[in-house]
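Residue-level listing of the chains:
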Amino acid sequence: MNAAPADQIRLLDVQDLDVRLQQLAHKRKSLPEHAEIESLTKDLTQLRDLLVAAQTEESDCAREQTKAEQDVDQVRQRAVRDQQRLDSGAVTSPKDLENLQREIASLAKRQGDLEDIVLEVMERRESAQERVAELTDRVSSVQSKIDDATARRDAAYESLDGEAASAAKEREVIAGSVPAELLGLYDKLRGQQGGIGAAKLYQRTCQGCRQELSITDINEIRAAAPDTVVRCENCRRILVRTSESGL
């Protein structure tokens with residue numbers, strides 16, 4: 001294949017821009033905010049699960065407290081009715097009086113036991129409420145950190161995407177001036193050789209594979225016409241000759 005030396009030089013410019021585009025794409029994928037957001041999101045998921053558990057516990061305690069308070073109220077009302085009967089003098093039988101007094105005493109003990117249960121449930125509910133408040137604050141804090149990291153990531157995206165768009169436009173312009181056949185070979189090799197399809201021959205060394213060419217290869221390149229597209233015998237990339245090639 002033949003191509004004007006100037007076209008081959010422009011191919012190096014295309015290659016430089018392709019490398020830049022690869023670097024920008026890699027940087028976009030490797031932003032530190034990605035790992036930060038991922039880690040924070042895991043923390044947030046765990047905290048939300050804990051928060052739901054704490055809220056469920058608080059809700060259960062609330063229902064338990066309501067039930068215990070209703071039980072206390074029922075026992076209290078019954079004790080009041082019994083005490084009113086006792087105080088009214090309506091019960092005159094000694095046996096009935098003894099039974100009524102015994103029931104009032106039993107209700108008083110039952111009320112005391114139930115009130116202890118209410119206090120124990122209230123303490124558990126208060127502890128659950130404190131846990132809910134603590135976890136709510138922690139969820140809010142982690143969410144704020146995620147929002148901040150996301151904003152920084154998006155700002156980095158905008159900057160990198162702007163650079164990439166500029167480089168892509170420049171590549172389009174330069175590649176448009178390179179002969180289609182030469183550009184096609186370059187693109188093919190770039191796909192096969194890790195993104196590097198053309199390399200400068202610098203001081204008898206291929207800058208694509210970093211291997212120094214043999215004397216035989218150098219002599220062949222030296223003898224080739226300026227418009228001949230030469231290839232590296234080691235990596236098969238397009239070798240572009242310049243005044244620094246050492247020929």
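All residue numbers here refer to positions counted from 1 along the written sequence of the relevant chain. Local features in this predicted model are restricted to residues whose pLDDT is 70 or higher, and side-chain atom pairs enter the listing and the counts only when it is 80 or higher, whereas totals over whole chains, interfaces and linings include all residues. Values shown for side chains rest on all heavy atoms present in the structure; no hydrogens or waters enter the calculation.

Engineer: Residues and numbers for the sheet that holds strand β1 (residues 198-202), please.
Structural biologist: Taken together, the four strands give an open sheet; going across it, the order is β2-β1-β4-β3, and neighbouring strands pair in mixed fashion. In this open sheet, the two edge strands, each paired with only one partner strand, are β2 (205-206) and β3 (230-231). When DSSP finds two or more bridges between a pair of strands, those strands are recorded as paired. Each helix is a run of DSSP H or I of at least 4 residues and each strand a run of E of at least 2, with the numbering of both proceeding from the N terminus. Summarising the sheet, β1 and strand β4 (residues 238-241) pair through four bridges and their orientation is parallel. Within the sheet, the bridge partner assigned to A198 lies in β4 and is I238. Residue contacts follow a heavy-atom distance rule, with two residues in contact if any of their heavy atoms lie within 4.5 Å. To get an axis, a line is fitted to the C-alpha atoms, and for a helix only the part in contact is used. The angle between two axes follows their N-to-C directions and goes from 0 to 180 degrees. Contacts from helix α4 (residues 180-192) reach β1, β3 and β4, with the element oriented near 125° to β4.

Engineer: How would you sum up the pattern of salt bridges? Please name residues and give values.
Structural biologist: Any carboxyl oxygen of Asp or Glu within 4 Å of a side-chain nitrogen of Lys or Arg constitutes a salt bridge here. Taken as a whole and assessed by the stated rule, the structure comprises 26 salt bridges. Here R76 and E115 are joined by a salt bridge, their closest N and O atoms 3.6 Å apart. Here R76 is found in helix α2 (residues 32-88), whereas its partner E115 is found in helix α3 (residues 94-175), with 39 residues between them in sequence. Classification of R76 by relative accessible area gives partly exposed; the value is 35%. Residue E115 is classed as partly exposed on the basis of its relative accessible area of 33%. Note that E134 and R138 form a salt bridge whose closest N and O atoms lie 3.6 Å from each other. Within this pair, E134 and its partner R138 are both found in helix α3, separated by four residues, close to a single helical turn. When its relative accessible area of 37% is taken as the criterion, R138 is described as partly exposed. Taken together, the shared-partner salt bridges connect D18, R171, D187 and R190 into one network. The classification of residues rests on relative accessible area computed with a 1.4 Å probe and restricted to protein chains. Under 20% of the type maximum is buried, over 50% is exposed, and intermediate values are partly exposed.

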